[in-house]
Each structure stands twice: as structure tokens, then as C-alpha cells.
Protein chains: 2
Amino acid sequence: MGSASLEERVKELEQVCRSRGLPLTIQRRAVFETILERDDHPSADQILEQIKERVPDISRTTVYRILDTFVQLGLITKICHPRSVARFEPRIQQHHHLICMHCEQIIDLEEDRLNGIAYPDVRRHDFQITDYHIHFRGICSGCRSRAGGAELPD
Amino acid sequence: MGSASLEERVKELEQVCRSRGLPLTIQRRAVFETILERDDHPSADQILEQIKERVPDISRTTVYRILDTFVQLGLITKICHPRSVARFEPRIQQHHHLICMHCEQIIDLEEDRLNGIAYPDVRRHDFQITDYHIHFRGICSGCRSRAGGAELPD
DNA sequence: CTGCCTGCAAACGATTTGCACCAGC
DNA sequence: GCTGGTGCAAATCGTTTGCAGGCAG
């Protein structure tokens, strides 16, 4: 789909670091590549686990710090919702999510139609809207079949 | 607007507790009334501070436990977004939020038009959508005037 | 070289849990 | 009276911070 290749995105990382005068360390490159390789929305600790395969001595602190830096730089997005720790995703273009209320799984939605919603009238709040994001909440297929609609182990 | 009165909502609490066999304690009533009285989106600790005025010996633990119970019962909603602790709101009907990316303030939106968005086609995910919620992100008037668009102390 | 980055360990803040006691129904 | 709720203190979990050395530019 419309997403850039891994290599293009790594180039983007290089450019962004260079333009800001930030050193492109082994750790930064590895965190970026690791998050790009996944098609889900991993937590900091999930990224840490996976990255240890290629940079075994990386510390948890560094992963947290790098993820935060990438969010500030606009390279990745941080997602947060109740009952779940912070998660990260490499996509920065506008898109929306399905969120399973049982297993907290997050699924990306591709529908372009959802990107064209007119902004609400916020003159009375004098608020300047930059963008928006829709969560569709519900139950994923796995949880539905596992539980038949009743409660789940968790 | 279309929101129920405080008394109606307290009745709702009584009914829900009775129907589930949950004791309606002083603390539960006080937490519910406190959150209803506010028109913002308080954190657990903000609720605790305010509730101490009427139930001085209530413990923080209890507030957390009660808020969690209310969320399970569908009486209130928990909201979470990056860079801010969990917040709660008494409104359970569908509505949407403006979120200031500088001060993390959350503002309720009333626009009905936003409630009629057609669900996306999720057949390939086999996901059952229950409802949705839109965050509009941007900058509130206070932060804009304080900072003129540049960065903020926080 | 110089400065930002990293790893370690300790601090931190929000939230949860174990347990003895107490209060609704 | 029984059941579940509450308060307290301690544990936990994710995340952040202080500091001494290391590496990219």
C-alpha cells in the first residue's frame, strides 16, 4: 500500500538526524529498523526484546529514550489507550485504528474515506485543530470466537 | 444539552448497583457525585482531592478501585492519551474530544454530525465494531497565545 | 576533540495488591 | 451474619533521571 519501503524510511531517519545535528548511533538505527519491521504496535519492552537479537547490550533506558526522541522528531507515533501500556507505530500518515476491548489489540485501518471528515466548528473554543484520529472500538475475531461474547480470562 | 440531571444519574448508579448486587457505599456515592459535578476530565488524584472535602478519610486506593468499578459498569469512561495520566469523565453517550498537544487539556465536542460516520469495511479483519471516538488534536487558545506557536515550557 | 549518547542503578509516580477490619443488605 | 468494601502499607510496573564513561561527527 502507500507506505514507503524500509530503506526509504531509514534514509528519512538519516536525513532527519543529520538536519538536526543528532548522531545516528547504532542504537538509533536498530530501534528504527526494529519498529519498521513489525506490522503491529509494539510496546517499548516488546521492541527491547526484539532488538536484543541484534544489539544484545542495549539497555531498556536507551530504548525508552530513543522512542521518545523519535516521537519528538515526528518519525513515529505513540499510542495510548486505557488498560494498555504505551505503544508505538512507525506510520505517521493519517490513519485510524480498530481497538479490541478484550485483548487490547490495535489494528490499522486503511480506509481513505475516513481521512476526509470536515473539522467541527470550534470557534467557540478558539482551538486550532491540526489533525484527528478515530478509534473504532469493538471485539476482534479471536476474542469473539474464544469467548462467544461472554467475558474473557483477560 | 441532552445530558441527564445529577439526580437522574445518581438514580442510575443506585439501579446499577442494586441490579448487580453491589453495596452502594458512602464512598461510591461520593465518587460518583464528585465526578458528575465537574465539567472537565479529572484524574483519579484530582477526584481524590475534591472528594476529601466531603469524605475526609477516603483513601486513594478506594478512589482508584471505585473508578475502575464504574468503568466496568459502564457508568463512566476512562480516557488516556500520551503524556498525560488517565482521566475520567461521567459522559457515556458518544461524543468526541479536542486535545491540546501542549497542555494536554481535553475539551468535549458536541457536534452531532460527528456521530453519524459510517463504520469502515472491516470484513477482512472480521472485527465487530461497537462504537468509535474521534480525538481532534491541536492547540488550545491559551497555549497559542502563551507561546505564539513556538515551544512551551511544557 | 567536543558534545551528545549510552548504560547502569536508583528514583519516581501512578496504580495495584495483601490483609485485617468494617459496613451494607 | 455474610459478602463484599474499605483503609493502610507495601509491592509493582512502566518510565524517567543522575552520573561516569564512550562514540559519532
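Residues numbered from 1 in each chain as written. Chains lettered and ligands numbered in written order. Predicted model: local features only at pLDDT ≥ 70, side-chain atom pairs only at ≥ 80, totals over all residues. Heavy atoms only, no water.

### Things to note about the sheet that holds strand β3 (residues 96–100) of chain B
One open sheet accounts for six strands, arranged β4(A)-β3(A)-β5(A)-β5(B)-β3(B)-β4(B); its pairing is mixed. Each edge of the open sheet carries a strand with a single partner, namely β4 (106–109) of chain A together with β4 (106–109) of chain B. Pairs of neighbouring strands in the sheet enclose a mean axial angle of 30 degrees, with direction left out of account. The sheet contact formed by strand β5 (residues 128–139) of chain A and strand β5 (residues 128–139) of chain B spans eleven bridges and is antiparallel. In the strand pairing of β5 of chain B, Y132 of chain A is matched with F136 of chain B. (Pairing = 2+ DSSP bridges. Helix = DSSP H or I, 4+ residues; strand = E, 2+ residues; numbered from the N terminus. Axes fitted to C-alpha atoms, helices over the stretch in contact; angles between N-to-C directions.)

### Quick notes on the protein's contact with DNA strand C
Around DNA strand C there are 21 residues in total, and T25, R28, T62 and R65 of chain A together with Y64 of chain B lie nearest to it. By atom count, sugar and phosphate contribute 64% of the portion of DNA strand C lying within 4 Å of the protein. Between DNA strand C and R28 of chain A there is a distance of 2.3 Å, counted from a phosphate oxygen to a side-chain nitrogen or oxygen. Residue assignment for the surface near DNA strand C shows that the elements contributing at least two residues are α2 (26–37) and α4 (60–73) of chain A together with α4 (60–73) of chain B. (Near = heavy atom within 4 Å. Polar contact = N/O pair within 3.5 Å; in protein donor to acceptor, adjacent residues only side chain to side chain.)

### Some points on the pairing of β5 of chain A
Looking at chain direction, strand β3 (residues 96–100) of chain A and β5 of chain A are connected through four bridges and run parallel. Bridge pairing links L98 of chain A to F136 of chain A in β5 of chain A.

Read these as layout, nothing more, since geometry by itself doesn't imply function.
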